[in-house]
Amino acid sequence: MSRPKIILIGGGGHCKVIISMLKKLNSHEIYGISEKKENLGRKILGITINTTDDDMEDLFNAGVKNAIIAIGSIGNPHARIKLFEKVVDIGFDSPSIISPDSVIAEDVIIKKGTVVMPGAIINAGTVIGNNCIINTGAIIDHDCVINDNVHIAPGVTLSGGVSVGHNSHVGTGANVIQGVCIGNNVLVGAGTLILNDIEDDMKAIGVPAKSIPRK
């Protein structure tokens, strides 16, 4: 049986991990990578950069019906959001890509375009929104709610019942105690310890965290 074709949008380090996952999953045929025009012809792990973001509609009409956003985000998800909205508007399906080397409870809900990296653990009752990154080795305990366009960075630990608002970034190695609500558009610094709720549009850093408005 032929596998559905998928185009990867973006050709950096995050793309490398997705390629490795897709090869192991064997769920899709990787059609190629979309990148800037000057990068056409370059290869990433044997996959050619063969199209640009301006060609997405033509590609869809030619029969490639799946796309995944393969650029990462470090505190600012706006490029990912813009590209995700573009591919959805064109009509692409953006499947969730879940590493076979992750551990996911059977009742977890993972929505469109979300990538779960190797070593991640997601426990029962958790819901993860669209276009998220659950990065390498992150632990998300039971009954958490991760809203759209969130990046949970490598090594983060979220205890039970944590919620993370839209477009927020929880930095590498951060720890969040049970029941905490992190607002929308929040940046949690690497290694931060979150003991209390964080309001929208804040930056939280330190052990324990202190919050300041994001500029």
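Residues numbered from 1 in each chain as written. Predicted model: local features only at pLDDT ≥ 70, side-chain atom pairs only at ≥ 80, totals over all residues. Heavy atoms only, no water.

A.B. asks: Provide a residue-level description of the UniProt feature "binding site: substrate" (unreviewed entry) in the chain, including the pertinent values.
C.D. replies: As recorded in UniProt, the feature "binding site: substrate" (unreviewed entry) lies at Gly75. Structurally, Gly75 is set in the loop between strand E5 (66–69) and helix H3 (78–90). Classification of Gly75 by relative accessible area gives buried; the value is 6%. Sequence-distant contacts of Gly75, defined by excluding residues within four places in its chain, comprise His169, Leu187 and Arg214. (UniProt positions renumbered as here; feature names shortened; annotations may be inferred. Helix = DSSP H or I, 4+ residues; strand = E, 2+ residues; numbered from the N terminus. Buried < 20%, exposed > 50% of the residue type's maximum accessible area, 1.4 Å probe, protein only. Contact = heavy atoms within 4.5 Å.)

A.B. asks: Describe the packing of aromatic side chains, with residues and values.
C.D. replies: Two aromatic rings are characterised by how far apart their centres lie and by the angle between their planes. In this structure the tally under the stated criterion is 1 aromatic pair. Just above the ring of Phe60 sits the side chain of Lys65; from NZ or CZ to the centre is 3.7 Å. (Phe/Tyr/Trp six-rings, centres within 6.5 Å; stacked < 30°, edge-to-face > 60°. Lys NZ or Arg CZ within 6 Å of the ring centre and 35° of its normal.)

A.B. asks: Explain a negative patch on the surface to me, and be specific about the residues and the numbers.
C.D. replies: Residues Asp54, Asp55, Glu57 and Asp58 make up a contiguous surface patch of negative charge. As for its placement among the helices and strands, Asp58 is situated in helix H2 (residues 56–61). (Patch = residues over 30% accessible without salt bridge, like charges linked within 9 Å, V, L, I, M, F, W, Y side chains within 5 Å. Areas by Shrake-Rupley, 256 points an atom, 1.4 Å probe, with all protein chains shown as cover. Salt bridge = Lys/Arg side-chain N within 4 Å of Asp/Glu carboxyl O. Lys, Arg positive; Asp, Glu negative; His and termini not counted. Charge placed at Lys NZ, Arg CZ, Asp CG, Glu CD.)

A.B. asks: Mind laying out the sheet that holds strand E19 (residues 175–176), listing which residues take part and the relevant values?
C.D. replies: Strand order in this open sheet of 6 strands is E7-E10-E13-E16-E19-E22, and the pairing throughout is parallel. The open sheet has two free edges, formed respectively by strand E7 (103–104) and strand E22 (193–194), since each of these has just one partner strand. As paired strands, strand E13 (residues 139–140) and strand E16 (residues 157–158) are joined by 2 bridges and run parallel to one another. Bridge pairing links Ile139 to Thr157 in E16. (Pairing = 2+ DSSP bridges.)

A.B. asks: For the pairing of strand E2 (residues 29–34), give the residues involved together with the corresponding values.
C.D. replies: With 5 bridges joining them, strand E1 (residues 5–9) and E2 adopt parallel strand pairing. Counterpart to Ile6 in the pairing with E2 is Ile30. With helix H1 (residues 13–25) bridging E1 and the parallel E2, this β-α-β connection has right-handed handedness. Pairing of E2 with strand E4 (residues 47–51) involves 2 bridges; the strand directions are parallel. Bridged to Ile33 within E4 is Ile49. (Right-handed = clockwise from strand over helix to strand, strands pointing away.)

A.B. asks: An account of H1 is requested, with residue identities and associated values reported.
C.D. replies: With 13 residues, H1 ought to run about 18 Å at 1.5 Å a step, and its terminal C-alpha atoms sit 19 Å apart, in line with that. A positive backbone phi angle near 60 degrees is found at Asn26, which sits one or two residues after H1. (Expected span 1.5 Å × (residues − 1).)

A.B. asks: Can you lay out the domain arrangement of the chain for me, pointing to particular residues and giving the numbers?
C.D. replies: Parsing the chain into structural domains produces domain 1 (5–95) and domain 2 (98–209). Each of domain 1 and domain 2 was reduced to a C-alpha centroid, and the two centroids are 24 Å apart. Taken together, the 20 residues of domain 1 in the interface contact 20 residues of domain 2. When the two sides are added together, the surface that domain 1 and domain 2 hide from each other amounts to roughly 1,500 Å², 64% of it contributed by carbon and sulfur. Contact with domain 2 buries area across many residues of domain 1, yet Met21, Arg80 and Phe84 alone supply 30% of it, more than any other trio. (Domains from an automatic or database assignment. Buried area = accessible area lost by both parts, 1.4 Å probe.)

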